[in-house]
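The residues making up each chain are set out below.
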Amino acid sequence: MVNKPLLSVVICTYNRDNYLQQCLDHLAQQTALVELFEILVIDNRSADRTRQVCDEFRDSHPEIQFNYCLEQHQGLSHCRNRGIEESNSELISYIDDDALADTDYVSNLITYFQHFPEVDAIGGKVTPIYQSGAPPWMSKYLLPLVAALDMGLSSKPFKGRKFPIGANMAFRRNVLLEIGAFSTDLGRVGSYLGSGEEKDMFYRMKKQQKRVDYVPSVHVFHSIPNERLEIDYIKKMAQGIGKSEAIRTRQGSLWIGLGKWIEEFFKIGATAILA
């Protein structure tokens, strides 16, 4: 009989079999004992070799607790919620299908939650790996474009309006059940670059005084292809973020909506200064 793992690593994927293969290969190289974690791949009706990649991984790594699930409802939030349902662990981490986990990712994640029982969720360090090197126009102010996160060498709570990046975040399962699922009105759906489901989740957690920490030792490397740095992609992403923020703020109070308008005016001013 297989022991119940301490951690479920959830990978939500859609038509990115080449990235998924690399993601799984890195998780297979973890220094943590294999009985401590399981890997869950939530496939959002991919039309490529995603299922074959998973079958081949399972066959080549029988020692790893691995499960493949097909999520019929299109959308990243549906997949993340399915990961909660399928998880067999008290800790749930989410890693993007194009992210590569450091070899100590699992062990450092479990250790931190065990040493700090008051911590409800964590966000790890996310380092971009550019296909053709970082573009000359990239600055620390634009790193959110490539979902990068580096808040220094020491662990600390996320303060104010800061929150983890979806490519590398982890929760206590009981907290997710208490707070509620990821909003299926937000997030990516197919090729539509929506967002906001992570922000919504962490804002709800902060509202209920849940503790969310930044932990740099829980580290992943995020693959950034050239097309992600092209103007057309950035425009699509900006449009998706704008639509998602409109939905998210409409779900809140009048003060949330007013605060968002004020925030956008400040962003316009900051953009002009940077330009």
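Right, let's walk through the structure included here. (Residues numbered from 1 in each chain as written. Predicted model: local features only at pLDDT ≥ 70, side-chain atom pairs only at ≥ 80, totals over all residues. Heavy atoms only, no water.)

**Notes on the overall build of the protein**
Working step 1: Of the regular secondary structure elements, the protein holds 8 helices and 9 strands.
Working step 2: On C-alpha atoms alone, the protein measures out to a radius of gyration of 18 Å, which is about the 19 Å that the 2.2 N^0.38 rule sets for 275 residues.
Working step 3: Judged by the C-alpha coordinates and their principal axes, the protein covers about 60 × 40 × 40 Å.
Working step 4: Among the 275 residues that make up the protein, the fraction classed as buried is 48%.
Working step 5: Pairs at least 24 apart in sequence give 81% of the contacts found in the protein among residues at least 6 apart.
Working step 6: Carbon and sulfur atoms provide 57% of the accessible area of the protein, an area that totals close to 13800 Å².
Working step 7: Across the protein, the centroid of the 31 positively charged side chains sits 9 Å from that of the 34 negatively charged ones. (Helix = DSSP H or I, 4+ residues; strand = E, 2+ residues; numbered from the N terminus. Rg over C-alpha atoms; globule rule 2.2 N^0.38 Å. Buried < 20%, exposed > 50% of the residue type's maximum accessible area, 1.4 Å probe, protein only. Contact = heavy atoms within 4.5 Å. Areas by Shrake-Rupley, 256 points an atom, 1.4 Å probe, with all protein chains shown as cover. Lys, Arg positive; Asp, Glu negative; His and termini not counted. Charge placed at Lys NZ, Arg CZ, Asp CG, Glu CD.)

**Examining the environment of Phe113**
Working step 1: You can see Phe113 is positioned in helix 4 (residues 105–115).
Working step 2: Linking Phe113 and Gln29, residues 84 residues apart in sequence, is a C-alpha distance of 21 Å.
Working step 3: Contact partners of Phe113, with chain neighbours within four places excluded, come to Leu91, Val119, Asp120, Ala121, Ile122, Ala170, Phe171 and Arg172.

**Brief notes about helix 7 (residues 231–250)**
Working step 1: With 20 residues, helix 7 should reach 28 Å at 1.5 Å per residue; the first-to-last C-alpha distance of 29 Å fits that figure.
Working step 2: Along helix 7, the residues classified as buried are Tyr233, Ile234, Met237, Gly240, Ser244, Glu245, Arg248 and Thr249. All buried residues of helix 7 fall inside an arc of 155 degrees around its axis, so they share one side. Set apart from the buried face of helix 7 by more than 90 degrees, the exposed residues are Ile231, Asp232, Gln239, Lys243 and Arg250. (Expected span 1.5 Å × (residues − 1). Arc of directions from axis to C-beta.)

**Examining the packing of helix 1 (residues 17–27) against helix 2 (residues 50–60)**
When two helices pack together, you describe them by how their axes are tilted relative to each other and by the distance separating the axes.
Working step 1: Following both chains from N to C, one finds helix 1 and helix 2 inclined at 20 degrees, their axes separated by 9 Å at the closest point. Judged on the interaxial angle alone, helix 2 and helix 1 are roughly parallel. When the axes of helix 1 and helix 2 are compared, the crossing they make is right-handed. Residues Asp17, Leu20, Gln21, Leu24 and Asp25 of helix 1 form the contact with helix 2, whose own contacting residues are Thr50, Val53, Cys54, Glu56 and Phe57. (Axes fitted to C-alpha atoms, helices over the stretch in contact; angles between N-to-C directions. Parallel < 35°, antiparallel > 145°, perpendicular 65-115°, else oblique. Left-handed = near helix turned anticlockwise from the far one by under 90°.)

**Section: helix 6 (residues 197–207)**
Working step 1: Taken together, the buried positions of helix 6 are Glu197, Glu198, Lys199, Asp200, Met201, Phe202 and Met205.
Working step 2: Positioned one or two residues after helix 6, Gln209 has a phi angle of 65 degrees, which is positive.

**Some words on the packing of aromatic side chains**
Working step 1: Scanning the entire structure with this criterion turns up 9 aromatic pairs.
Working step 2: Measuring from ring centre to ring centre gives 5.4 Å for Phe171 and Phe202, while their planes differ by 15 degrees; the resulting arrangement is stacked. Here Phe171 is found in strand 8 (residues 168–172), whereas its partner Phe202 is found in helix 6, with 31 residues between them in sequence.
Working step 3: The buried category is assigned to Phe202, whose relative accessible area is 1%.
Working step 4: Lying over the aromatic face of Tyr94, Arg80 brings its terminal NZ or CZ to 5.9 Å of the ring centre.
Working step 5: The cationic tip of Arg80 hangs over the ring face of Phe182; the distance from NZ or CZ to the ring centre is 5.7 Å. (Phe/Tyr/Trp six-rings, centres within 6.5 Å; stacked < 30°, edge-to-face > 60°. Lys NZ or Arg CZ within 6 Å of the ring centre and 35° of its normal.)

**Comments concerning the pairing of strand 8**
Working step 1: Where burial is concerned, most of strand 8 is hidden: 5 out of the 5 residues are buried.
Working step 2: Residues Asn168, Ala170 and Arg172 of strand 8 are buried on one face, and the alternating residues Met169 and Phe171, pointing to the opposite face, are buried as well.
Working step 3: Two strands pair when backbone bridges link them, and strand 4 (residues 91–95) and strand 8 are joined in this way by 5 bridges, in the antiparallel orientation. Counterpart to Ile95 in the pairing with strand 8 is Asn168. (Pairing = 2+ DSSP bridges.)

Bear in mind that shape data such as this cannot, by itself, settle questions of function.
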